[in-house]
Amino acid sequence: MSLQVPNHPKKRVCSLYSDDELLDEDDPDFPPWQTERIVNLPESGSFSLPDSGRLSTPVKEDTSQLSSVIKMGWLDKNPPQGALYYQRRWVKLEVDYLRYFDNEKEVYSKGFISTAFITSVSSVGEVKFEVATKNRTFIFRAENEDERNEWLTELRNCTGGPKRPLTLISGSPLTPDYSGYLELRGLRSKLFTVVASDKVLLYKNAEDYNIGVGITFIDMNVGNVKDSDRRSFDLTTPYRIFSFIAESEQSREQWVQAMRNAIGEALSNSEVVEQIWTEPSNSFCADCGAPKPDWATINLCVVICKQCAGEHRGLGPSISKVRSLKMDKKIWTEELIQVFLKLGNKRVNSFWAANVPPSEALSPSSCSEDRRRFISNKYRQGKYRKYHALYGNQTELNNALCINVQCSDLLETLSLIFCGADVNCSTGMANCPSPESLASAHSQPLQAELIKHNLNTELPQLQTEPDMDLKYYPPPPCVSYEGYLFKTASMGRAVAERKMKEEFSRRWCMLNDGTFSYYEHDKSTNPNGTLKASEIVCLAVDAPEKHGYDFTFELYSESERIYLFGTDEPDSHKEWVKCIAKTFIPATAEPLLRLSFERIGRLKCKDGLNLQKSKVGWFALAGSTLHVYLENSKGEEIHLRKLNELSIQQDNEVLVLVEKGRTLYIEGERKLDFAGWCGAIQAAAGSGGDTLSQQQLTDTDIPIIVLSCIDYITQCGLTSEGIYRKSGVNSRVAALCDRFRRDARSLRLKEGEHQVDDVSNTLKRFFRELEEGLFTSEYAYSWLSITALQDENDKISEYKALLDRLPRVNKATLQALINHLYCVQRFSELNQMNLHNLAIVFGPTLFQTDGKDYTAGRAIEDLIQHYTLIFEVDEQQLDRQLKEIKAIIQMREGHPKFPKPGGNGHFICTVYLEELKDTAEQHVKIPGSMTAAELAYEVLDRRNIPVKDKDYWSCWEVCEEIERPLHYQERVLPILHSAGNESHLLIKKQPAMDAMINYLATKLDVSKNGMMKFREERSILGLGLPSGNFHDRYFILNVTSLRMYKDVRSHRPEREWVVKSLKIYLGIKKKLRPPTCWGLTVVCESKKQEKPERQQWYLCCETQSEMREWYATFLSIQNDGNLWSQDGVQQNRVSRALPDTRHGNVSLIPLRGSENEMRNSVAAFSQDALALLRDLR
Ligand SMILES: [Zn+2]
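Draft legend 1. Molecular detail of the overall build of the protein. The helix and strand inventory of the protein stands at 32 helices and 45 strands. When burial is assessed residue by residue, the protein has 55% of its 1177 residues classed as buried. When contacts within the protein are restricted to residue pairs at least 6 apart in sequence, those whose partners lie at least 24 apart make up 61%. Taken as a whole, the protein presents about 52,700 Å² of accessible surface, with 49% of it coming from carbon and sulfur.

Okay, here's the thing in structure tokens:
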């Protein structure tokens, strides 16, 4: 029988499989490289690795391995299953493993046996010996008797006896950090792969792993892991590349992470830990007793295992400061190490664990829930500690501490501190005022060290409530927090879809010194990514279970990225959210942090009367309330359900919130977080449910749906016969109810579009279906019982008493409704709905009864009849209201198609008719939907100016010497918002319109080319001073772009603009010295870029008609040929909005003039509300 001679490793393919594997001899699928094998028969069944995996680097013995080798040498090995031949093997015995190799240069074994699984070692026959495990026996043959005996002795020494290493517990497999089947490229079947501590071990299958017989293992101190493509990754060592293929991308990530953790483990420094373990009790976890703990908490002075360390971290750094004995080398000063050596787990536990009931004690195999409970009991609550004799006596404790730090008794200090002595107490000595300085002064550096780490420690506190985990422990002022979170790849767009668990990767996250970093794992030194607190602009908390992880939150960065983090732990989620928010919210907005917000962050906004300058604001959205802290101002709350108006304007760049007395413009400085805020604010501003207070409300606490319907009926329905009695069209009523429910604010009831009876029935249905009812289920019966009273005065006082018991919203709503019904019956000669008729309809509706008896009706009758007394109404005000209604009715008789006044919360601005002077001033209330044509006709109507055909009245935006007629369909409000101080709106005719329309009519296509003089606004040294001169250029204008060429013959344009992004004003400022008086000023605002840019340049034409042609072509392109309304005046008159007759919700924008001027004009406007209506007649 020939023995195998080791071949040169570079030439041969290395078999990584155990010899006793005889498989696949005739398998046609067998990898082709198998044929390259030089080795003959006996091993042909083994799986082998392709040569490509081997590196050409010269193989050198890994010296770090040598140290642990107990014995090595050549032996002949007999594969167990009765084969007769022997193979020559290089065999190495280490404490934990017996390994055999092809030759002495090999780094990766052909097989290994965990010494922990070896049950017996015995000599068998001549120079042979047997290594037996429970299931398998390996036979080796030495060269001689002495050699065999040496092997026997060493093997016996390390498989039994007291030297048994702690890492492996006899007969049980090592605890893997990660394990599973992995494909090794080139191999047909998968290998059972185990990542444990600092090694990656390969087994043929899980069964082999369970019996401790493997193929090889890779020491990760020489490893490097790289993703290669979707599912595969390489584990590179200086000797070989192991190319693995995982089952999925997700699985690959986990493997890569696990292997990188192992590298971290391998590279960690063992100097400190070795030193700490020299105190024997420190080599077992202080909490669970697990061997070789390599973590510690430096303020509690216990050495703990990795798993317990995880739970300690959960307590937060104010309770337990967790540090690694292997990685956090910097923290381990000589003093701190000495503290741990002097104290030691055993002595420290004599304090911390003096009273642990055996039933509550941990073991190394305890589950994480038990661990969490125990560790929280032990340190957060101090439940098991040995109480100091002075416990509860603060002064005595402090005194004792000051005395004790002068001696070396560390345990006493520990006991004093954690029984309540104040480490920051005053010693009463000027030269060493604190216990820490006192200790130093008395040459007790270890005492000083112990105190130093407990300066901000939260003391243990027994809690009576069992659910202590929910308590929130605020981190110390300099926020630091760490722990595992699950993270998806950062995104450049909103997270619309549900992210499954597979899309998250586990990351070790740290919050420290104003930086949030995430790492591959808790031992990584280089973060995978960091976010400075100053870069975080928004933190959004998702609704639970929005994604695969139950609790998630999003971080929005300045640079437009979204980072999504998740966890299944609600407490950890809560803690992270609070801590991160705390790092980026400034102290001035600190109260925001106490809210249970769903979104918090910074936004730019304008408000009040200063619309020129944006401010930075800090916002938090909690429920339906938006909390705001603006620069240099106190916090404010905006009740979103009570907004008058909520709209997004200017191409989704400004969110306008109009509430009582003010308007807030939130600007979209960045796209992502702004979009998030818009969505969240809109959602929060919607109705929250079916009770009265959950509706969108006005600032007077009345549901918008109620007020909208009442307003509409007041405007259009008071003369409608049988109003509230006639039924509407059921499907339309249902649709209206639904629209209101979705967003009452956005629905404007319009005459023509909505029918009076549909609206009246919508109001009734709302009250009938209202959860709890208007009178509340609690008090409804009391209201009804009052009707039985005989004395009217008794009735009234009883009703008043009940009214005061109604919730605010119910009371306000009831008053608004009864006021309305009072008005309706005052006009009963027109609508036939007298007191009694209304009561019959509204009694059962409001009390939600079946209407079989008239009690409910009687109650409503009482309320309407005694309206002024019960609600204590100001008679004068009521008179005014009735007068207004009369005016409306009269006006409607004169103008049958007269529109109703708009909703609430519009803007009043000053508009001029034909010229800029006081007598031409008009104050117009401008709703968001108002178009330029509507505004123009509004002003003309007021001045009673008849409009003739071809008058082309337009609304002009005038800015000093240049002006621009607004397109008739252009919305006015955004122009007001963007207009500068020097701009104003002017209503005047557009004299050239006819000429332009005629010119365009002659053209076959809209385009124009020709020469113009061009000048650009250039800034000199960034000062924005105009410079440069007008130069002749050739222009080509077509439906998409305006191109500028140096001259007619040029092929390539010098410049090119998108026509629709240009705003073209007529005229050029005189100080620019335009060469002709037929000029155009062109403003180009690019909104697409991150910072909006405003460019201005000038075009000059030779003649007026030339300019008109260019201008007409521009307008035609920009408005798709629609220059002037086909229907002309009539349509604009019909659809335009009139000012509201009520002025409670007026918001103001000064388009011109000082704040005072503006106030005066508004005051004049408000004083006599009906004056407006009179003007119209
Ligand atoms: Zn432990």
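Past the structure itself, the notes keep going.
Draft legend 2. Highlighting the pattern of salt bridges. Under the criterion given, the structure shown has 59 salt bridges. Linking Arg148 and Glu145 is a salt bridge whose minimum nitrogen-to-oxygen distance equals 2.2 Å. On the criterion of helical spacing, the pair formed by Arg148 and Glu145 is a turn pair, its members being 3 residues apart in helix α2 (residues 145–159). Given a relative accessible area of 36%, Glu145 falls into the partly exposed group. With a closest N to O distance of 3.9 Å, Arg372 and Glu569 form a salt bridge. Of this pair, Arg372 sits in helix α8 (residues 368–380) while Glu569 sits in the loop between β25 (562–567) and α13 (570–584), and the two are 197 residues apart along the sequence. Assessed through its relative accessible area of 38%, Glu569 is described here as partly exposed. Three or more residues joined by partner-sharing salt bridges are found here, namely Glu558, Arg602, Lys604, Glu669, Arg670 and Asp673.

Draft legend 3. Representation of the coordination of the zinc ion within the structure. Protein coordination of the zinc ion is provided by Cys285 (SG), Cys288 (SG), Cys305 (SG) and Cys308 (SG), with donor distances spanning 2.2 to 2.4 Å. Sequence spacing of the donor residues for the zinc ion, all on one chain, is C-x2-C-x16-C-x2-C. Residues Cys305 and Cys308 agree in their burial class; the two are buried.

Draft legend 4. Molecular detail of the sheet that holds strand β14 (residues 232–236). Strand order in the open sheet formed by 7 strands is β12-β10-β9-β8-β15-β14-β13, and the pairing between neighbours is antiparallel. Since the sheet does not close on itself, it has two edges, and those belong to β12 (216–219) and β13 (224–227), each with one partner. Ignoring strand direction, the axes of neighbouring strands in this sheet form an average angle of 35 degrees. Pairing between strand β8 (residues 178–184) and strand β9 (residues 191–196): 5 bridges, direction antiparallel. Residue pairing in the sheet places Ser179 in a bridge with Val194 of β9. Here helix α4 (residues 249–267) sits on the sheet and contacts β8, β9, β10 (199–203), β13, β14 and β15 (241–245); the angle it forms with β13, its principal contact strand, is near 160 degrees.

Draft legend 5. Representation of the confidence of the model for the protein in the model. The pLDDT averaged across the protein works out to 79; a share of 81% of its residues lies at or above 70. Mean pLDDT values for the elements of the protein range from 34 in strand β45 (residues 1147–1148) up to 96 in strand β17 (residues 302–304). Throughout residues 1–52 the model reports pLDDT below 50, and contacts reaching past four residues in sequence, or to other chains, amount to 119 contacts. Low pLDDT, under 50, characterises residues 464–477; the predicted model gives this stretch 24 contacts beyond four residues in sequence or across chains.

Draft legend 6. Just the packing of aromatic side chains, in detail. Summed over the entire model, instances satisfying the criterion amount to 44 aromatic pairs. The interplanar angle of 65 degrees and the centroid separation of 6.5 Å between the aromatic rings of Tyr100 and Phe140 together place this pair among those described as edge-to-face. Within this pair, whereas Tyr100 is found in strand β3 (residues 97–101), its partner Phe140 is found in strand β7 (residues 137–141), the two being separated by 40 residues in sequence. We classify Phe140 as buried; its relative accessible area is 1%. Taking 6.5 Å as the distance between ring centres and 20 degrees as the angle between the ring planes, the aromatic pair formed by Phe129 and Trp151 counts as stacked.

Draft legend 7. Up close: a positive patch on the surface. On the surface, Arg826, Arg880, Lys883 and Lys886 cluster together into a patch of positive charge. Sort the elements by how many residues they give to the positive patch and helix α25 (residues 875–894) lands first, with 3 residues. Residue Lys886 is classed as partly exposed on the basis of its relative accessible area, which comes to 45%.

Draft legend 8. Quick peek at the environment of Asn454. Checked against the element boundaries, Asn454 lands in the loop between α12 (445–452) and β19 (481–487). Of the residues examined, Asn454 reaches a relative accessible area of 2% and is grouped as buried. Considering only alpha carbons, one finds Asn454 and Asp422, 32 residues apart in sequence, at a separation of 9.8 Å. Discounting residues that sit within four places of it in the chain, Asn454 has contacts with Asn299, Ile417, Phe418 and Val423. Of note is the side chain of Asn454, whose polar atom sits 3.1 Å from the backbone oxygen of Asn299. Within the local environment of Asn454, its side chain forms a polar contact with the backbone oxygen of Leu450, the two atoms lying 3.2 Å apart.

Draft legend 9. Quick look at the sheet that holds strand β18 (residues 322–324). Strand order across the open sheet formed by 3 strands is β17-β16-β18, with antiparallel pairing between neighbours. Two strands lie at the open edges of the sheet, namely β17 and β18, each paired on one side alone. For this sheet the average axis-to-axis angle between neighbouring strands, irrespective of direction, equals 30 degrees. Looking at chain direction, strand β16 (residues 295–297) and β18 are connected through 3 bridges and run antiparallel. Residue pairing in the sheet places Ala296 in a bridge with Arg323 of β18. Packing of helix α6 (residues 306–314) onto the sheet brings it into contact with β16, β17 and β18, and relative to β17 it is tilted by some 120 degrees.

Draft legend 10. Main features of the pairing of strand β31 (residues 654–659). The buried fraction of β31 amounts to 6 of the 6 residues, a majority that puts the element mostly inside the structure. Burial along β31 is two-sided: the residues Val654, Val656 and Val658 and Leu655, Leu657 and Glu659 are all buried.

Draft legend 11. Representation of the packing of helix α16 (residues 730–743) against helix α17 (residues 756–769) in the model. The contact between α16 and α17 brings their axes to 9 Å, and the two run at 60 degrees. When you trace α16 past α17, the crossing you get is right-handed. For the pair formed by α16 and α17, the contact residues are Asn730, Arg732, Val733, Ala734, Leu736, Cys737, Phe740 and Arg741 on the first element and Asp758, Val759, Asn761, Thr762, Arg765 and Glu769 on the second. Classifying every residue of the contact of α16 with α17 gives 6 nonpolar, 3 polar and 5 charged.

Draft legend 12. Inspection of a negative patch on the surface at higher detail. A contiguous patch of negative charge, built from Asp690, Glu771, Glu772 and Glu778, is present on the exposed surface. Within the secondary structure, Glu771 sits in the loop between α17 and α18 (776–786).

Draft legend 13. The nonpolar core, seen in detail. Tyr724, Phe775, Trp783 and Leu814 are the most contacted members of the largest nonpolar core, which has 70 residues in total. Counting residues per element, this core draws most heavily on helix α20 (residues 808–826), at 10 residues. In contact with Trp783, not counting residues within four places along its chain, are Phe775, Tyr799, Leu802, Leu803, Leu806, Leu814, Phe847, Ala859 and Leu863. Grouped together as the second largest cluster of nonpolar side chains are 57 residues, Val911, Met993, Phe1114 and Ile1117 included.

Draft legend 14. Spotlight on unusual backbone geometry. In this model, Glu560 sits at a positive phi of 60 degrees, which is unusual for a non-glycine residue. With phi around 65 degrees, Glu914 is a residue other than glycine that occupies positive phi space. Its place among the elements puts Glu914 in the loop between β33 (907–913) and β34 (921–926).

Draft legend 15. Here's a closer look at the side chain of Lys71. With respect to the helices and strands, Lys71 occurs in strand β1 (residues 69–78). When residues no more than four places from it in sequence are discounted, the contact partners of Lys71 are Val91, Lys92, Leu93, Glu147, Glu150, Trp151 and Glu154.

Draft legend 16. Summary view of α12. When you tally the buried positions in α12, you get 6 out of 8 residues, the bulk of the element. Inspection of α12 places Leu446, Gln447, Ala448, Glu449, Leu450 and Ile451 among the buried residues, and these make up the whole buried set. In this structure, the buried residues of α12 make contact with α7 (334–352), α9 (394–404), α10 (410–417) and α11 (435–441).

Calculation rules
- Residues numbered from 1 in each chain as written.
- Predicted model: local features only at pLDDT ≥ 70, side-chain atom pairs only at ≥ 80, totals over all residues.
- Heavy atoms only, no water.
- Helix = DSSP H or I, 4+ residues; strand = E, 2+ residues; numbered from the N terminus.
- Buried < 20%, exposed > 50% of the residue type's maximum accessible area, 1.4 Å probe, protein only.
- Contact = heavy atoms within 4.5 Å.
- Areas by Shrake-Rupley, 256 points an atom, 1.4 Å probe, with all protein chains shown as cover.
- Salt bridge = Lys/Arg side-chain N within 4 Å of Asp/Glu carboxyl O.
- Donors = N, O, S within 2.8 Å, 3.2 Å for Na, K, Ca; no water.
- Pairing = 2+ DSSP bridges.
- Axes fitted to C-alpha atoms, helices over the stretch in contact; angles between N-to-C directions.
- pLDDT = per-residue confidence, 0-100.
- Phe/Tyr/Trp six-rings, centres within 6.5 Å; stacked < 30°, edge-to-face > 60°.
- Patch = residues over 30% accessible without salt bridge, like charges linked within 9 Å, V, L, I, M, F, W, Y side chains within 5 Å.
- Lys, Arg positive; Asp, Glu negative; His and termini not counted.
- Charge placed at Lys NZ, Arg CZ, Asp CG, Glu CD.
- Polar contact = N/O pair within 3.5 Å; in protein donor to acceptor, adjacent residues only side chain to side chain.
- Left-handed = near helix turned anticlockwise from the far one by under 90°.
- Nonpolar A, V, L, I, M, F, W, Y, C, P; charged D, E, K, R; others polar.
- Core = buried A, V, L, I, M, F, W, Y, C linked by side-chain atoms within 4.5 Å.

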